[in-house]
Amino acid sequence: MQRLLTFQLYILLYTRCFFIICVLLCQDLNKISAYRDRRFPGTQEEYEHALQTSITVYIGNMSFYTTEEQLYELFSRAGEIKKIVMGLDKNTKTPCGFCFVMYYSREDTEDAVKFISGTILDDRPIRVDFDWGFQDGRQWGRGRSGGQVRDEYRTDYDPDILYQRCGYGKLVQKE
Ligand code: GTA
């Protein structure tokens, strides 16, 4: 009898654990973006709400040579664009591989993420991500050397020297 009770208890525990893991996994899959801006001035709920309602997208893994005209050409396929802000190296003031695109409607914003992310632009697969909203100052790379943080940690070799990502990340090179 006691064995049966212990067995039932184990089954109950396992089912509960399984249920909790499923809920956690679903929450993760439902996340609208894997990125969290450390400088967002609000709670996690406010951040998620901003991502779900904003009309701004962030574009990453861009070539340093992609122009605003090319971005207008590509991103207006999802809808009318309000504004594009190029991401710049805070020291050299030159493009450093990212930008923000602002639309007029949420539907167009969602279409940009759905249909343009992964497109090859200037030989690079660009990444389109929901963004909480552009504010002055966000156009600058936050890396120690002026560019994007992730380029400084790059451990893979970027063969496209033309794109001036300097092969391995700058911090990795110094090690
Ligand atoms: N919506 O995916 C994004 C995104 N990214 C990558 C940058 N921005 C993004 N916005 C959206 N989605 O306005 C925005 C930023 C900012 C502008 C430039 O682009 O909100 P950044 O890329 O230079 O700096 O931003 P960011 O985003 O603050 O850096 P990241 O990649 O999140 O890194 C945060 C910290 O993690 C760093 O301080 C560093 O200590 C550490 N880190 C990052 N990568 C590594 C790594 N590979 N190894 C170890 N540590 C790392």
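Since the model is a prediction, treat every value here as computed from it, not as a measurement.

### What to know about the layout of surface pockets
Move 1: Taken as a whole, the largest pocket spans an internal volume of roughly 340 Å³.
Move 2: Lining the largest pocket are 17 residues, with Y35, Y58, R142, Q148 and V149 sitting closest to its centre.
Move 3: Listing elements by their share of the lining of the largest pocket, those giving two or more residues are β3 (95–103), β6 (127–131) and α5 (149–152).
Move 4: Here the lining of the largest pocket takes three residues from β6, the largest share from any one element.
Move 5: Here the lining of the largest pocket is built from residues that sort into six nonpolar, two polar and nine charged.

### Thoughts on the environment of S105
Move 1: Mapped onto the elements, S105 comes out in the loop between β3 and α4 (106–116).
Move 2: Sequence-wise, S105 and T56 are 49 residues apart; in three dimensions their C-alpha atoms are separated by 9.4 Å.
Move 3: Polar contacts involving the side chain of S105 include one to the main-chain amide nitrogen of D108, which spans 3.1 Å.

Reading the values: the criteria
Residues numbered from 1 in each chain as written. Predicted model: local features only at pLDDT ≥ 70, side-chain atom pairs only at ≥ 80, totals over all residues. Heavy atoms only, no water. 1 Å grid on protein atoms, 1.4 Å probe; cavity = no way out; pocket = protein on both sides within 12 Å on 5 of 7 lines; lining within 4 Å. Points joined across faces, edges and corners; volume = space filled by probe spheres on them. Helix = DSSP H or I, 4+ residues; strand = E, 2+ residues; numbered from the N terminus. Nonpolar A, V, L, I, M, F, W, Y, C, P; charged D, E, K, R; others polar. Polar contact = N/O pair within 3.5 Å; in protein donor to acceptor, adjacent residues only side chain to side chain.

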